Amino acid sequence: MLNRIALVACLFAPGVALAQSLALENTCQTVAKNFLLSDRLAVGIIQSFPELKPAGVRMTYSTREGATRGDMADTFECEFDAAEPPYHLTRFCVSNTCYSPKEQDGERKRRFEEVRILLERSGKQK
């Protein structure tokens, strides 16, 4: 069954790599929703790299209703200590602005901690 799904995905999106870690990607989408204060997040292209250290996810997104994949130019990236739960968010970036616990800018460091706490509350990070 999984091979059929992969084949269909390749036929309809030939230039896009198959998802490497759906759970990691979902966790990054949760990070994005929490940071952007949005229940709805349209995701365009999404790539995950569980085999890298740190594991990571990169995606295009839009918070606009009815946005098409081609219109999504904003990017969101997440980095995690591990590719398996608990993931432990280590950094995330919105376009060219990054947030981490080691951030020198106090506001960015606080935003990171807020998102990390929200992930803990959701049960996606312990």
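Residues numbered from 1 in each chain as written. Predicted model: local features only at pLDDT ≥ 70, side-chain atom pairs only at ≥ 80, totals over all residues. Heavy atoms only, no water.

Visitor: Describe unusual backbone geometry, naming the residues involved and giving the relevant values.
Guide: In this structure, Pro 54 follows Lys 53 across a cis peptide bond, with omega equal to -5 degrees. By the element assignment, Pro 54 lies in the loop between strand S1 (42–49) and strand S2 (55–62). Residue Pro 85 is joined to Pro 86 through a cis peptide bond whose omega torsion reads -10 degrees. Take Pro 86: it is sitting in the loop between strand S3 (74–80) and strand S4 (89–94). (Helix = DSSP H or I, 4+ residues; strand = E, 2+ residues; numbered from the N terminus.)

Visitor: Kindly report on the sheet that holds S2, identifying the contributing residues and their values.
Guide: Judged by pairing direction, the sheet is antiparallel, and its five strands sit side by side in the order S1-S2-S3-S4-S5 without closing on themselves. Sheet topology places S1 and strand S5 (97–99) at the edges, where each strand pairs with a single neighbour. Within the sheet, the average angular offset between the axes of one strand and its neighbour, ignoring direction, is 15 degrees. Bridge analysis of S4 against S5 gives three bridges, and the strand direction is antiparallel. (Pairing = 2+ DSSP bridges. Axes fitted to C-alpha atoms, helices over the stretch in contact; angles between N-to-C directions.)

Visitor: Talk me through the pairing of S4; I want residue IDs and the actual numbers.
Guide: As paired strands, S3 and S4 are joined by five bridges and run antiparallel to one another. Note that in S4 the partner of Cys 78 across the bridge is Phe 92. Counting the residues between successive antiparallel strands, the hairpin from S4 to S5 contains two residues, one of them, Ser 95, with a positive phi of roughly 55 degrees.

Visitor: Can you explain the packing of aromatic side chains? Please cite residues and give values.
Guide: Remark: the centre distance and the inter-plane angle together describe each pair of aromatic rings, the angle taken between the planes. Taken as a whole and assessed by the stated rule, the structure comprises eight aromatic pairs. When the centroid spacing of 6.2 Å and the interplanar angle of 20 degrees are considered together, the rings of Phe 92 and Phe 112 count as stacked. Linking Phe 92 in strand S4 with Phe 112 in helix H3 (residues 106–122), this pair joins segments that are 20 residues apart in sequence. The rings of Phe 35, Tyr 61, Phe 76, Phe 92, Tyr 99 and Phe 112 are connected pair by pair, giving a single aromatic cluster. (Phe/Tyr/Trp six-rings, centres within 6.5 Å; stacked < 30°, edge-to-face > 60°.)

Visitor: If you had to explain the state of the cysteines to someone new, which residues and values would you point to?
Guide: What the rule picks out here adds up to two disulfides. Two residues, Cys 28 and Cys 78, share a disulfide whose sulfurs are 2.1 Å apart. The disulfide joining Cys 28 to Cys 78 has a torsion of about 85 degrees about its S-S bond and is therefore right-handed. Taken together, the residues Cys 28 in helix H2 (residues 22–36) and Cys 78 in strand S3 connect sequence positions 50 residues apart. Residue Cys 28 shares its accessibility class with Cys 78, and that shared class is buried. Of note for the chain: the bonded cysteines, numbered N- to C-terminal, pair according to 1-2, 3-4. (Disulfide = S-S within 2.5 Å. Buried < 20%, exposed > 50% of the residue type's maximum accessible area, 1.4 Å probe, protein only.)

Visitor: Provide a residue-level description of the pattern of salt bridges, including the pertinent values.
Guide: Under the criterion given, the structure shown has seven salt bridges. Measuring nitrogen to oxygen at the nearest pair gives 2.9 Å for the salt bridge that ties Glu 65 to Arg 40. Residue Glu 65 is found in the loop between S2 and S3, and its partner Arg 40 is found in the loop between H2 and S1; the two are separated by 25 residues along the sequence. Across the pair, Arg 40 and Glu 65 agree in class, each one exposed. A salt bridge links Glu 113 to Arg 116; the shortest N-O distance between them is 2.7 Å. (Salt bridge = Lys/Arg side-chain N within 4 Å of Asp/Glu carboxyl O.)

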